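Spelled out from the first residue to the last, the chains are:
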Amino acid sequence: MRLSGGEGRGRRIKGPRAAGLRPTSDRVREALFDILGRRIVGACFLDAYAGTGAVGIEALSRGARRAVFLERDRRALALIRENLAVGPWLDAYEILGGDVAGALSRLSRRAERFQVAFLDPPYDVSLSPGVLGQVAGLVEEGGVIVVEHRHSSPIDPGAGVAIALRRSYRYGETALTVFRRGADGPVPR
């Protein structure tokens, strides 16, 4: 796997060693950052269910001010640390281990705020509206939440979650569904 843009463009990062890790493909990762465009520059970026860390590292490479990685698998956490070593992003990231819902609660207690959040839960585990609601509570008004999922399993934010569906993009079996925090505003491009 390689970083596709920014100051780390072309640098290799390591792929999954743990069973069950399904990294975001290079094609989908590049499409994600095309969708986000200049919004990533200077942003605080949340990478939930981070796996290899490729998406958050790509965000740092493309100019994100800070990235927070959430992952529960210990082998994946070690891999994220290894992959972060390919760039000059010292002090621009934080890695939180453990259950995603618990990590989101910790971030909420610290009053953390993000402009962009990316969630890539395992395809065989449905994303709970509770987790999506927690993420929405951490994203600034007008910020963007992107969920990677199997295209045949649409994402339902549930009632009372303050996000609006903007658009869903399909790449083979994978979809990227984009939500915006708050009800107004243009589709992020």
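This text goes with the structure placed above it.
Residues numbered from 1 in each chain as written. Predicted model: local features only at pLDDT ≥ 70, side-chain atom pairs only at ≥ 80, totals over all residues. Heavy atoms only, no water.

Q: Please set out the overall build of the chain residue by residue, giving values where relevant.
A: Across its full length, the chain carries 5 helices and 7 strands. Listing each helix as α and each strand as β along the chain from the N terminus yields α-β-α-β-α-β-α-β-α-β-β-β. Summarising the internal contacts of the chain: among those between residues at least 6 apart in sequence, 64% fall at separations of at least 24. Counting every atom, the chain has about 8,700 Å² of accessible surface; 48% of that belongs to carbon and sulfur. (Helix = DSSP H or I, 4+ residues; strand = E, 2+ residues; numbered from the N terminus. Contact = heavy atoms within 4.5 Å. Areas by Shrake-Rupley, 256 points an atom, 1.4 Å probe, with all protein chains shown as cover.)

Q: Which residues make up the nonpolar core, and what are the values?
A: Counting 26 residues, the largest nonpolar core has Leu46, Leu70, Leu104, Leu107, Leu119 and Ile145 as the members making the most contacts within it. Looking at this core, the elements with two or more residues in it are β1 (44-48), β2 (66-71), α4 (100-109), β4 (114-119), α5 (129-138) and β5 (139-150). Residue contacts for Leu119: discarding those within four places in its chain leaves Ala48, Tyr49, Leu127, Val131, Val135, Ile145, Val146, Val147 and Glu148. Ranked by size, the runner-up nonpolar core spans 20 residues in total, among them Leu36, Ala64, Val144 and Val178. (Core = buried A, V, L, I, M, F, W, Y, C linked by side-chain atoms within 4.5 Å. Buried < 20%, exposed > 50% of the residue type's maximum accessible area, 1.4 Å probe, protein only.)

Q: So what's going on with the side chain of Glu94? Which residues, and what values?
A: Relative to the assigned elements, Glu94 resides in strand β3 (residues 93-97). One polar contact links Glu94 to Arg66, side chain to side chain, over a distance of 2.7 Å. Within polar-contact distance, the side chain of Glu94 engages the side chain of Arg110 at 2.7 Å. In contact with Glu94, not counting residues within four places along its chain, are Arg66, Ala67, Val68, Phe69 and Arg110. (Polar contact = N/O pair within 3.5 Å; in protein donor to acceptor, adjacent residues only side chain to side chain.)

Q: A description of the sheet that holds strand β6 (residues 163-171) should follow, citing residues and the corresponding values.
A: Spatially, β3-β2-β1-β4-β5-β7-β6 is the arrangement adopted by the 7 strands of the open sheet, whose pairing is mixed. The two strands at the open ends of the sheet, each matched to only one other strand, are β3 and β6. The average angle at which neighbouring strand axes cross in this sheet is 15°, direction not considered. Sheet topology note: the β6/strand β7 (residues 174-181) ladder contains 8 bridges and is antiparallel. When the sheet's bridge partners are listed, Ile163 is paired in β7 with Arg181. Helix α3 (residues 74-84) rests against β2 and β3 of the sheet, and its axis sits at about 170° to β3. Packing of α4 onto the sheet brings it into contact with β1, β2, β3 and β4, and relative to β2 it is tilted by some 145°. (Pairing = 2+ DSSP bridges. Axes fitted to C-alpha atoms, helices over the stretch in contact; angles between N-to-C directions.)

Q: Before we move on, could you go through unusual backbone geometry and cite the residues and values that matter?
A: If you check the backbone angles, Tyr49 has positive phi at about 60° while not being a glycine. Here Tyr49 lies in the loop between β1 and α2 (54-61). In this structure, Ala111 is a non-glycine residue whose phi angle is positive, near 60°. Mapped onto the elements of the fold, Ala111 is located in the loop between α4 and β4.

Q: Pulling in residues and values, what's your account of the packing of aromatic side chains?
A: Taken as a whole and assessed by the stated rule, the structure comprises 1 aromatic pair. Taken together, a centroid distance of 6.3 Å and an interplanar angle of 25° make the contact between Phe33 and Phe45 stacked. Of this pair, Phe33 sits in helix α1 (residues 26-36) while Phe45 sits in strand β1, and the two are 12 residues apart along the sequence. With relative accessibility at 3%, the residue Phe33 sits in the buried group. You can call Phe45 buried: its relative accessible area is 0%. (Phe/Tyr/Trp six-rings, centres within 6.5 Å; stacked < 30°, edge-to-face > 60°.)

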